[in-house]
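Now for the letters of each chain:
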Amino acid sequence: MEITNSLLNVGTDGLNPIEPSAGMDLGVLKQHYGKNLILVGGIDCSQLLPLGTPDQIREATKESLRVAAPGGGFFYRFFQQNRHGDSVRKHFGTLQRMS
């Protein structure tokens, strides 16, 4: 949190990416900084996206949106770069089934 506070003090507007597998807790960040920072990310791109089932990805997506979407300031984003083409297709399929 100390680093995030320092980033705010120098005028940072957002955090990108929010990567759960790196220990970044989207709920904690939203609670502490959601009024001051745009939060981008929210899905585990290193393990869940390439290795998870569609149901696991769908549940993680719903949880990210439940935690961070209220009040605005959240961009749901699930990858920085396309390293796992099949995983991206699986994720899009999961999102289609959610709608």
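Asker: What am I meant to see in the overall build of the protein here?
Answerer: Along its length, the protein carries 5 helices and 3 strands. For the protein, the succession of helices and strands along the chain, N to C, is α-β-α-β-α-α-β-α. Going through the 99 residues of the protein one by one, you find that 33% of them count as buried. Taking as baseline every contact in the protein between residues at least 6 positions apart, the subset at least 24 positions apart corresponds to 65%. About 6,100 Å² of surface is accessible on the protein, with carbon and sulfur atoms providing 53% of the total.

Asker: Looking at this model, I keep getting lost on the nonpolar core. Mind explaining?
Answerer: Side chains of nonpolar character tend, in soluble globular proteins, to be buried together. Formed by Leu 15, Ile 18, Leu 26, Leu 29, Tyr 33, Leu 37, Leu 39, Ala 68 and Phe 74, the largest nonpolar core amounts to 9 residues. Listed by contribution, the elements that provide at least two residues to this core are strand 1 (14-18) and helix 2 (26-33). By residue number, the principal contributor to this core is helix 2, which donates 3 residues. Residue contacts for Phe 74: discarding those within four places in its chain leaves Leu 26, Leu 39, Gly 41, Ser 64, Leu 65, Ala 68 and Ala 69.

Asker: Where do I start with the confidence of the model for the protein in this structure?
Answerer: Low pLDDT means the predicted coordinates in that region are not meant to be read closely. Chain-level pLDDT for the protein is 83 on average; 79% of the residues reach the 70-or-more range. Per-residue pLDDT, averaged within each element of the protein, yields its smallest value for helix 5 (residues 85-98) (66) and its largest for helix 2 (95).

Asker: So what exactly am I meant to see when it comes to the packing of helix 2 against helix 4 (residues 54-68) here?
Answerer: The description of two packed helices rests on the angle between their axes and on the distance between the axes. One way to put it is that helix 2 packs onto helix 4 with a least axis distance of 9 Å and a crossing angle of 15°. With respect to each other, helix 2 and helix 4 are oriented roughly parallel. Crossing of helix 2 against helix 4: the hand is right-handed. Between helix 2 and helix 4, the residues in contact are Leu 26, Gly 27 and Lys 30 and Ser 64, Val 67 and Ala 68, respectively. When the residues that make up the contact of helix 2 with helix 4 are grouped by side-chain class, the tally is 3 nonpolar, 2 polar and 1 charged.

Asker: How should I be thinking about the pairing of strand 2 (residues 38-42) in this particular structure?
Answerer: Regular strands place their side chains on alternate faces of the sheet. Along strand 2, 4 of the 5 residues are buried, which leaves the element largely enclosed by surrounding structure. Where strand 1 lies against strand 2, 3 bridges are found, and the strand directions are parallel. Paired with Ile 18 across the strands is Gly 41, a residue of strand 2. Between the parallel pair strand 1 and strand 2, the chain is carried across by helix 2, and the sense of this crossover is right-handed.

Thresholds, definitions, all that
- Residues numbered from 1 in each chain as written.
- Predicted model: local features only at pLDDT ≥ 70, side-chain atom pairs only at ≥ 80, totals over all residues.
- Heavy atoms only, no water.
- Helix = DSSP H or I, 4+ residues; strand = E, 2+ residues; numbered from the N terminus.
- Buried < 20%, exposed > 50% of the residue type's maximum accessible area, 1.4 Å probe, protein only.
- Contact = heavy atoms within 4.5 Å.
- Areas by Shrake-Rupley, 256 points an atom, 1.4 Å probe, with all protein chains shown as cover.
- Core = buried A, V, L, I, M, F, W, Y, C linked by side-chain atoms within 4.5 Å.
- pLDDT = per-residue confidence, 0-100.
- Axes fitted to C-alpha atoms, helices over the stretch in contact; angles between N-to-C directions.
- Parallel < 35°, antiparallel > 145°, perpendicular 65-115°, else oblique.
- Left-handed = near helix turned anticlockwise from the far one by under 90°.
- Nonpolar A, V, L, I, M, F, W, Y, C, P; charged D, E, K, R; others polar.
- Pairing = 2+ DSSP bridges.
- Right-handed = clockwise from strand over helix to strand, strands pointing away.

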